[in-house]
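Single-letter residue listing:
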Amino acid sequence: MSFIDILRTAIFALRGNWMRSALTSLGVIIGIAAVIVMVSVGQGTQAEIDKLVSGLGSQRLDISPDSGRNSSGARGSSSSFFTLSEDDVESIRHDIPEVQFVSGALRGSTQVVFAENNASTSWQGVQADYFDINNWTIAEGELFNAQDYSSAGKNVIIGETVRRTLFGDESGIGQTIRLGRVPFTVVATLQSKGQGGFGQDQDDVLMVPLETSRRRLMGANGVPPGAVSQISLTVTDAKDLSYVQGEVEALLRQRHKIKPGDDDDFRVRNISEIVATRTATTNLMSKLLGAVATICLIIGGIGIMNIMLVSVTERIREIGLRMAVGAGPTDVRRQFLAEAMLISLIGGVIGIVIGVAGALLVGKFSGLPVALNGQVVALAAAFSITTGLFFGYYPARKASQLDPIEALRQQ
Amino acid sequence: MTARTRDAVIVTRGLSKIYSPGSEAEVVALKGVDVRIERGEFVAIMGPSGSGKSTLMNLIGCLDTPTAGVYECDGIDVSTLDAEALATLRREKIGFVFQGFNLLPRMSALDNVAMPLGYARVPVSQRHELAQEALDSVGLAGRSGHLPSELSGGQQQRVAIARALINKPPILLADEPTGALDSKTGEEILALFKRLRDDNHTVVLITHDAEVAAHADRIFVMRDGEMHLEGAET
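Residues numbered from 1 in each chain as written. Chains lettered and ligands numbered in written order. Predicted model: local features only at pLDDT ≥ 70, side-chain atom pairs only at ≥ 80, totals over all residues.

A. Spotlight on the overall build of chain B. Each helix and strand counted, chain B has 7 helices and 10 strands in total. Within chain B, the proportion of its 234 residues that are buried is 46%. (Helix = DSSP H or I, 4+ residues; strand = E, 2+ residues; numbered from the N terminus. Buried ≥ 20, exposed ≤ 12 C-beta atoms within 10 Å, placed from the backbone.)

Pasting the structure below:
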């Protein structure tokens, strides 16, 4: 029989039992839809992670205080939170020549007001290298000058989101805004960075000199003189990263007088460690969805096999007749295989439609990044055909091996 | 008889069939049967149930291969053929007519008749025309669109005969073709076979009914797996 004949015969047979065929394809529909959602979310997340890694750079180290744990496992007191200082920053700068940029920082959040406009935003108290480390560039205006840093000048550089909220279409440079109750002069605006790898608005930020933030923004509790809550650095050459990480750890242990065997009061992390956590979460979710999809496809496939076996038994006389009029084993096997594949292919097509819609909905409502492409759809289609082929083969073979005499004798 | 050049279309020599040979359930269904049927003959194979006539029919119909002996179907020795080659042989040489018609219930008469053409790889464009011709030849020109359930028993059997003839096989093998029909309709079907015989088809009729067998040119009588009697009626 020609391909067209086989297809027509299969469609004719399935239409005779269309309800049963539709229900049988349900397992494949669910399986394929799950595959599409799974792969889309997986690929989307991976793309985001790649973007995140390249955005932050693989030349970067972040040092944060880590008060360690006392014997009861609880965190140390809050006074030990500021274990890092500007002196540590300077020491790293001078003692480790492979370091390109290094900056200490303080951070917090505040209410920012200009005329009737006000917004809640986060601030960063920074040193000069901070902008290079974080790839911030100035859109308009000037960076802080040396005097701003040394004498705690009340100047501020604002991110794009803050600028838009406060000034609308104006640049806002030269204007005075209040951070909390303290008036600051806007000296520059930052180039927009857009959404970050974790979905946050990176432009909803403003920067002030480190000393200024310590004196004016840290509030009544204050911080120890010279203290910073974070140190970031970049190395000139990415391949020095792990060497520098070791050097920084050794240097800080020495400076903080930490005895061998004692816990560090700081923690040095490179970007790959931060990303690893997120990748692990994504992988776990991908695996879960993958397991669901696989189980659905297997159940769907077993459903197809089951129905095809029923169909062979029901139509045994038809098979006998077809053999009598000249259908060979190959013709019969192809016919039943075509029916099984058609069920799973139709299920696959419907599953693709539902899966694509599902992936778009997931992207819209859960905020997870979703990447849909032709490969995903092709993969799903291939899965559905394979399912039909794999689970349809046994019933088809069984039909093809029937003895025409026995088959014709069945009532 | 002598005016027509005659050649044998069915020749068996020492044809034997043993089921489950060597085991305790061994059944000798056919013992060394010799048959020779010429092209354009109308013969009947008679015998009670268990006589081996069904086994003989299955062998002649290329549905089965013999345990021993030779069967030449239109010059082709079938004993060594595999299932695939047997199917090809059936398609080209044999048209089957069954007692129960065996029409596919969801297909129109025309589609039922056209069904074997797909296996013969006849182009789709020619199928309806060929099927319509076959229906015309059995006197069912106006019924091509009807489902089997909308036809009488005699009409259904005519559709089945049209289907058997569609690939123009030399041999028409009819297994109790009148068994499910009343005697008047049965006579009509037998008359149709005689007409086909006159068109140089070879018709082999398997029956247990002597009255039906009497319509044939020659009658073979089977008993206990052996050819008991071979006689010419006309």
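B. Representation of the overall build of chain A in the model. When you go through chain A residue by residue, the secondary structure sums to 13 helices and 12 strands. Taking all 411 residues of chain A together, 40% fall into the buried category. The contacts of chain A with a sequence gap of at least 6 include a subset with a gap of at least 24, amounting to 82%. (Contact = placed C-beta atoms within 7 Å.)

C. Representation of helix α3 (residues 86–95) of chain A. Of all the residues in α3(A), the buried ones are A:Asp88, A:Val89 and A:Ile92. The buried residues of α3(A) all sit within an arc of 105 degrees when viewed along its axis, so they share a single face. (Arc of directions from axis to C-beta.)

D. Molecular detail of the interface of chain A and chain B. Opposite the 18 residues of chain A that make contact, chain B presents 21 residues. Elements that contribute at least two residues to the side of chain A that touches chain B include exactly α1 (3–16), α10 (316–324), α11 (329–365) and α13 (404–409) of chain A. By residue number, the principal contributor to the side of chain A that touches chain B is α10(A), which donates 5 residues. Looking at the side of chain A that touches chain B residue by residue, the class counts come to 9 nonpolar, 5 polar and 4 charged. (Nonpolar A, V, L, I, M, F, W, Y, C, P; charged D, E, K, R; others polar.)

E. Quick peek at the sheet that holds strand β1 (residues 8–19) of chain B. Spatial ordering of the open sheet is given by β2-β1-β4-β5 (chain B), a layout of 4 strands whose pairing is antiparallel. Of all strands in the sheet, those with a lone pairing partner are β2 (27–38) and β5 (76–77) of chain B, marking the two edges. (Pairing = 2+ DSSP bridges.)

F. A look at the environment of B:Asn200. Within the secondary structure layout, B:Asn200 lies in the loop between α6 (183–198) and β8 (202–207). On the basis of neighbour count, B:Asn200 is assigned to the exposed category, with 11 C-beta atoms found within 10 Å.

G. Summary view of the packing of α11(A) against helix α12 (residues 374–400) of chain A. All names here are of chain A. As a packed pair, α11 and α12 sit with axes 7 Å apart at the nearest point and diverge in direction by 150 degrees. Looking at the two axes, α11 sits roughly antiparallel to α12. Of the two elements, α11 crosses α12, and the hand of that crossing is right-handed. Broken down by class, the residue content of the contact of α11 with α12 amounts to 19 nonpolar, 10 polar and 2 charged. (Axes fitted to C-alpha atoms, helices over the stretch in contact; angles between N-to-C directions. Parallel < 35°, antiparallel > 145°, perpendicular 65-115°, else oblique. Left-handed = near helix turned anticlockwise from the far one by under 90°.)

H. Up close: the pairing of strand β8 (residues 182–190) of chain A. All names here are of chain A. When strand β5 (residues 138–141) meets β8, the two strands line up antiparallel, connected through 3 bridges. Pairing of Glu140 across the sheet is with Thr189, part of β8. The pairing of strand β6 (residues 155–158) with β8 spans 4 bridges and is classified as parallel. Bridging from a neighbouring strand, Val156 pairs with Val186 of β8. In this sheet, β8 lies alongside strand β7 (residues 176–179) in antiparallel orientation, the contact comprising 4 bridges. From the neighbouring strand, Leu179 faces β8, where its bridge partner is Val182. Turn length for the β7-β8 hairpin, with the two strands adjacent in sequence and antiparallel, is 2 residues, and the turn residue Gly180 shows positive phi of about 65 degrees.

I. Just the nonpolar core, in detail. Within the largest apolar cluster, 97 residues are counted, with the highest numbers of intra-cluster contacts made by B:Ile45, B:Val113, B:Ala162 and B:Val204. No other element matches α11(A), which puts 9 residues into this core. Ignoring sequence-local partners within four residues, the contact set of B:Ala162 consists of B:Val113, B:Ala134, B:Leu135, B:Ser137, B:Val138 and B:Leu140. A:Val162, A:Leu166, A:Leu241 and A:Val268 belong to the second largest nonpolar core, which has 47 residues in total. (Core = buried A, V, L, I, M, F, W, Y, C linked by C-beta atoms within 7 Å.)

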